[in-house]
Amino acid sequence: MPAPAASSPQAEATDPGGSLATDLLDWYDRHRRVLPWRALPGETPDPYRVWLSEVMLQQTTVAAVKPYFAKFLALFPTVEALAAAPESSVMAAWAGLGYYSRARNLHACAKAVAEAGTFPDTEAGLRKLPGIGAYTAGAIAAIAFDRKAAAVDGNVERVMSRLRAVETPIPAARPALRALTEAVVPERRAGDFAQALMDLGATICTPKRPACALCPWMRPCRARAEGLQETFPRKLKKEKGVLRRGAAFVAVRAGDEAVLLRTRPAEGLLGAMAEPPTSAWLPDYDPAKALLDAPIDARWKRLPGLVKHGFTHFPLELTVFAARLAAGAPAPEGMRFTPRDRLDEEPLPGVMKKVLAHALAKPAGEAPSAPVAAPAPDLATPAEPERPARRGPLQKPVSNRPSQLARVVKKPPKPAGSR
DNA sequence: GATACGTGGCA
DNA sequence: TTGCCAAGTAT
């Protein structure tokens, strides 16, 4: 069991006089970040933008969110426009950002809000909407409606665990960290306080090498006082899961150069997203028997290499099979053909873009085919030069690392006789 | 409380 | 290369 804090936390568990909040807000007024979804001083926050950004930012970095936020505002300028859009359009716009239940819930939430006419303006009201949990409800209530609410995310948990030297590991410490945060939220400027706390965690009280000398809370910080700031928050290490294997089947139809795709089940892993047909993904999957899982009778060719991908809870290796079908071939029940230049309209998750990039790289002896239209640059690039095909079970894995993928898809090493 | 659920960046 | 992490939610 965790050791008790170095000294009694009770004496410091509240913020008498609000000096913590005041010091943080003063710091925020000087150092606040400018972000696309954030109102400038004096501006009125737009609940739609606040909500959209908060959902996108769940477990996702600011840098990753920025282009998606801009795209969504362009495609869906209002919550009514988002509510009126087909779900497949929303999923396609979200493709690549991950955690696709967020997109499904976003759409459902937009419909509920459009039906009601406005966003709820209380934490409790917001909490009832799909995709809005404790953190997001507090963040929207505080930021968009200036309600006195705490927005406790990973940044805030880190800041508060250091400030109070909380020895209990996360996630068990979450209720206590929320209570510690709520005790510091000021009566006025709760929205700025929420954003200030997140800015502090993102820019000063960082996971590694925090810039304590610049921190407005350096003096009251218990972890800093003991030089242990980098050791908080305490955490239990989590398991990474057992490797699963499977096969993916990329069929291209002659004539229109269309790719055979299907939509995954509405719930669960990659729910409602598109994919080329795949086998089940199992720890003991045998690629040698993969043709039994092929979606259609064709001359399937096993491609050299593997597509590797890391999910949150398990790593995956897919063996890719490719085939060319006759012009005019019909799609099997529940599947469809999508021309290569319209793949950007499909909600393809990252792992499936890797599979297509792997398979659609120019096969030896075949004419180059039309590039995929943006925004699927990883599919739009020229094929890699042919590599010597390997025989036998040992195949060189194609890493799922972006740099490696880029090398495979984007930067063929030394095209023979060119440049 | 534990588990499922993506992706890209970085040391 | 591998592991860890980043503005969590739903079941």
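Keep in mind that this is a model prediction, so the values were computed, not measured.

On a plain count of helices and strands, chain A comes out with 15 helices and seven strands. Expressed as a percentage of the 419 residues in chain A, the buried residues total 46%. When contacts within chain A are restricted to residue pairs at least 6 apart in sequence, long-range pairs at least 24 apart make up 70% of them. Surface exposure of chain A reaches about 21,400 Å², of which carbon and sulfur atoms provide 55%.

What follows is about the protein's contact with DNA strand B. Residues in contact with DNA strand B amount to 19 residues; listed here are only the nearest, L270, H309, T312, H313 and G350. Backbone atoms, meaning sugar and phosphate, make up 52% of the atoms of DNA strand B lying within 4 Å of the protein. Within the side chain of H313, one N or O atom sits 2.7 Å away from a phosphate oxygen of DNA strand B. Elements represented by at least two residues in the surface near DNA strand B include exactly β5 (307-310) and α13 (350-360). Of the residues that constitute the surface near DNA strand B, the class distribution is eight nonpolar, ten polar and one charged.

Bringing empty space enclosed by the protein into the picture now. The tally for this structure, following the rule as stated, stands at four cavities of 30 Å³ or more. There is about 120 Å³ of room inside the largest cavity. In this structure, the largest cavity is lined by 15 residues; those nearest its centre are R162, C205, C215, W217 and C221. Examining the composition of the lining of the largest cavity, we find that three residues originate from one element, helix α9 (residues 154-163), more than from any other.

The rules behind each value
- Residue positions within a chain follow its written sequence, with the count starting from 1.
- Both sets of labels track the order of writing: A upward for chains, 1 upward for ligands.
- Totals for whole chains, interfaces and linings use all residues, but because this is a predicted model, local features are given only for residues with pLDDT of at least 70 and pairs of side-chain atoms are given and counted only at 80 or more.
- Neither water nor hydrogens contribute to the side-chain values; these are computed over all heavy atoms in the structure.
- Strands are runs of DSSP state E lasting at least two residues, helices are runs of H or I lasting at least four, and both sets are numbered from the N terminus onward.
- Between buried and exposed lies partly exposed: a residue is buried under 20% and exposed over 50% of the maximum accessible area for its type, with that area taken using a 1.4 Å probe on protein chains only.
- Contacts are residue-level and defined by heavy atoms, with any inter-residue pair within 4.5 Å sufficient.
- Where accessible areas are quoted, they stem from the Shrake-Rupley method and a 1.4 Å probe; at the residue level, only the protein chains shown are allowed to cover.
- For each residue, the test is whether any non-hydrogen atom lies within 4 Å of the molecule or strand; if one does, the residue is near.
- Under this definition, polar contacts are N or O atom pairs within 3.5 Å; protein pairs additionally need one hydrogen-donor-capable and one acceptor-capable atom, and for neighbouring residues in sequence, both atoms have to be side-chain atoms.
- Three classes are used: nonpolar for Ala, Val, Leu, Ile, Met, Phe, Trp, Tyr, Cys and Pro, charged for Asp, Glu, Lys and Arg, and polar for all others, with Gly counted as polar.
- Buriedness of a pocket was judged along seven lines, with at least five required to meet protein on both sides within 12 Å; pockets are open sets of points on a 1 Å grid over the protein atoms alone, cavities are sets where a 1.4 Å probe fits but cannot get out, and lining residues have an atom within 4 Å of a point.
- Grid points are joined across faces, edges and corners, and a volume is the space filled by probe spheres set on the points.

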